[in-house]
2 protein chains.
Amino acid sequence: MEEDRYQDVCTYVRRLIEQGQLRPGDRLPTERALSQDLGVSRGTVRDGLRLLESMGVLESRQGSGNYLSNHMGQYLAQSLHFMLLLGEIDYQSINRMRRAIELQSYRIAIQTSTPEQVQGLWRIQEELERTRSAEKDEAFHDAIIDLGGDPLMRIVSDALSDVIGHLITQFLTRGAQDLLHQTLDTHRRMIEYLEQRRVDAGCAAITRHYDIIDTEIARWQAERRTI
Amino acid sequence: MEEDRYQDVCTYVRRLIEQGQLRPGDRLPTERALSQDLGVSRGTVRDGLRLLESMGVLESRQGSGNYLSNHMGQYLAQSLHFMLLLGEIDYQSINRMRRAIELQSYRIAIQTSTPEQVQGLWRIQEELERTRSAEKDEAFHDAIIDLGGDPLMRIVSDALSDVIGHLITQFLTRGAQDLLHQTLDTHRRMIEYLEQRRVDAGCAAITRHYDIIDTEIARWQAERRTI
DNA sequence: CCACATTTGTACGTATGTATC
DNA sequence: CGATACATACGTACAAATGTG
């Protein structure tokens, strides 16, 4: 039997993108149209499109069409979940990657940040100190990443947050008072040193922050093992 | 029509993993067996399995069976390629992420590396200086990541190398002599400072190394735009 | 080395459900 | 409401790789 028909679909779409005939957000030809153009059945077209969808290249909307997507983070998060499940990685590893991304973003931010952006961080921090919610904590770190302005770091960071988020929530809501105070303290130092352009001191604060989380993860894992 | 049958397949496999009945490398029940167990057609089973395969959770071997996999790097690399193609990220972004990962790995390595591991780096560096091949350059950076010992960083790093590799090859083989000399110089300093446990100096060398690549990427992009 | 059963790979057709316009 | 388009599921058939006897 002739093969690779459904991969022809992937190649066909890729060509359309490379030739500039398709841009993010654009609607693809209908599945039946692709079926006729490529001389394959609609089922085969769907095989190809689903492969692209699983990679986050396109998004299918029932009753409307298939659209070129430009956000692939969701699928990265799913993969990370399975990697955790399979024991290929652990929460410490997630935390290390977050630390690496935040340090790099911070270094960029310290060279580019404006007073307005620093003010924005203070506002988030004030809300965090008032509400003590995990959402605001995530918003704070997201803001740092955004100051770095790198889209890939944002995508990876979002996926990592998605995986480790519930753990952070648990630490902040059910953890010791010490943990919360130290978290808020390192946050404040991060903003202060950013304002003063003291990159080494700021990176030290970030390092301290993630060391605290690292310790907390280790403690949590120890508890889990004994239960 | 009743729906989500193929997602039941994903859930079923996930349960098998969670319950410890399936470990990485294990063979899944045959598609026909799953078909009977879950009361769905083989095509539906394949829909579910292919979804897992596209996420790097399992690997299908024709004539043999479906095996639980524990490497999803390839999937990540494919996604990155499309993100580049769609303009969601660029090579500068790839380079920034590599820099972040290598800096973090280096910081860990400087606390844990043994004289034997440092010797291993020198050996790779000697080969690189003799052959001046891009493969050895990648081997050098891989070795640094490995010293960090974090599996997630290794996975992401591999995917990034897969995407940016051809560009590095081009820089090293067709670039100016200056570029090659500076690359070799920063490499040597990275090893020396690792040996001397001088973390700040080492990180500065890495920063310098990636700044050089960054400049080269900018130059390359400028050339492409004029062509 | 060959023959064979098993298993996955690919493709097709068909039918029906459901969201969009 | 109807037309369109995607979502899901089933069945069938044959190709190709694997493993075994």
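Residues numbered from 1 in each chain as written. Chains lettered and ligands numbered in written order. Predicted model: local features only at pLDDT ≥ 70, side-chain atom pairs only at ≥ 80, totals over all residues. Heavy atoms only, no water.

Looking at an unreviewed UniProt entry, one finds chain A named HTH gntR-type domain-containing protein and attributed to Butyricicoccus pullicaecorum 1.2.

Enquirer: Before we go on, may I ask you to explain the pattern of salt bridges in this structure?
Expert: In total, this model carries 28 salt bridges over all chains according to the counting rule given. One salt bridge in this structure joins K136 of chain A and E127 of chain A, with 3.2 Å as the shortest N-O distance. Note on K136 of chain A: relative accessible area 25%, which makes it partly exposed. The class for E127 of chain A is partly exposed, based on a relative accessible area of 29%. Across the pair D146 of chain B and R154 of chain B runs a salt bridge, and its minimum N-O distance is 2.6 Å. In this structure, a network of salt bridges that share partners links the residues D142, D146, R154 and D158 of chain A. (Salt bridge = Lys/Arg side-chain N within 4 Å of Asp/Glu carboxyl O. Buried < 20%, exposed > 50% of the residue type's maximum accessible area, 1.4 Å probe, protein only.)

Enquirer: I would appreciate a short explanation of the domain arrangement of chain A in the present structure.
Expert: Accessible area lost upon the coming together of the parts serves often as the stated size of an interface. When the domains of chain A are assigned, the result is domain 1 (2–70) and domain 2 (74–226). Taken over C-alpha atoms, the centre of domain 1 of chain A sits 37 Å from the centre of domain 2 of chain A. (Domains from an automatic or database assignment.)

Enquirer: Before we go on, may I ask you to explain the pairing of strand β2 (residues 65–68) of chain A in this structure?
Expert: Both faces of the sheet carry side chains from a regular strand, because those side chains alternate between them. The side-chain alternation of β2 of chain A yields two buried faces, one formed by G65 and Y67 of chain A and the other by N66 and L68 of chain A. Here strand β1 (residues 58–61) of chain A folds back onto β2 of chain A, and the loop between the two strands holds three residues, one of which, G63 of chain A, carries a positive phi near 80 degrees. (Helix = DSSP H or I, 4+ residues; strand = E, 2+ residues; numbered from the N terminus. Pairing = 2+ DSSP bridges.)

Enquirer: What's the story with the interface of chain B and chain A in this structure? I'm lost.
Expert: With 46 residues of chain B at the contact, the number on the chain A side is 45 residues. For the pair chain B and chain A, the summed buried surface comes to about 4,200 Å²; carbon and sulfur atoms form 71% of the total. By the criterion of area lost to chain A, the three top residues of chain B are F82, L86 and L152 of chain B, representing 17% of everything that side buries. At the junction of chain B with chain A, the criterion picks out four salt bridges. (Contact = heavy atoms within 4.5 Å. Buried area = accessible area lost by both parts, 1.4 Å probe.)

Enquirer: Whenever I open this one, the packing of helix α3 (residues 42–54) of chain A against helix α3 (residues 42–54) of chain B confuses me. Can you help?
Expert: The angle between the axes and the distance between the axes are what describe a pair of packed helices. Orientation of α3 of chain A relative to α3 of chain B, taken along the N-to-C sense of each, is 40 degrees, at an axis distance of 9 Å. On the basis of their axis angle, the class for α3 of chain A and α3 of chain B is oblique. Where α3 of chain A crosses over α3 of chain B, the handedness of that crossing is right-handed. Two secondary-structure elements touch here, α3 of chain A through D47, R50, L51 and S54 of chain A and α3 of chain B through D47, R50, L51 and S54 of chain B. Looking at the contact of α3 of chain A with α3 of chain B, its residues break down into two nonpolar, two polar and four charged. (Axes fitted to C-alpha atoms, helices over the stretch in contact; angles between N-to-C directions. Parallel < 35°, antiparallel > 145°, perpendicular 65-115°, else oblique. Left-handed = near helix turned anticlockwise from the far one by under 90°. Nonpolar A, V, L, I, M, F, W, Y, C, P; charged D, E, K, R; others polar.)

Enquirer: Just to check I follow, could you spell out the layout of surface pockets for this structure?
Expert: In this approach the atoms are scanned with a rolling probe the size of a water molecule, which exposes any empty space left behind. Each pocket or cavity is described by its volume, and for the largest pocket that value is around 1,600 Å³. Lining the largest pocket are 46 residues, with Y6 and Q7 of chain A together with R46, R50 and E53 of chain B positioned closest to its centre. Among the elements of the structure, α1 (5–18) and α3 of chain A together with α3, β1 (58–61), β2 (65–68) and α4 (73–85) of chain B are those that each provide at least two residues to the lining of the largest pocket. In the lining of the largest pocket, the residues fall into 13 nonpolar, 19 polar and 14 charged. Lining the second largest pocket are 41 residues, with R46, R50 and E53 of chain A together with Y6 and Q7 of chain B positioned closest to its centre. Looking at the lining of the second largest pocket, the elements with two or more residues in it are α2 (31–38), α3, β1, β2 and α4 (73–85) of chain A together with α1 (5–18) and α3 of chain B. Here the lining of the second largest pocket gets eight residues from one element, more than from any other, and that element is α3 of chain A. Residue composition of the lining of the second largest pocket, grouped by class: ten nonpolar, 16 polar and 15 charged. (1 Å grid on protein atoms, 1.4 Å probe; cavity = no way out; pocket = protein on both sides within 12 Å on 5 of 7 lines; lining within 4 Å. Points joined across faces, edges and corners; volume = space filled by probe spheres on them.)

Enquirer: Where do I start with the state of the cysteines in this structure?
Expert: A complete count under the given rule lists zero disulfides over all chains for this structure. Distance from the sulfur of C203 of chain A, which forms no disulfide, to the nearest cysteine sulfur (C203 of chain B) is 9.3 Å. Given a relative accessible area of 12%, C203 of chain A falls into the buried group. Free of any disulfide, C10 of chain B has its nearest cysteine sulfur in C10 of chain A, 18 Å distant. (Disulfide = S-S within 2.5 Å.)

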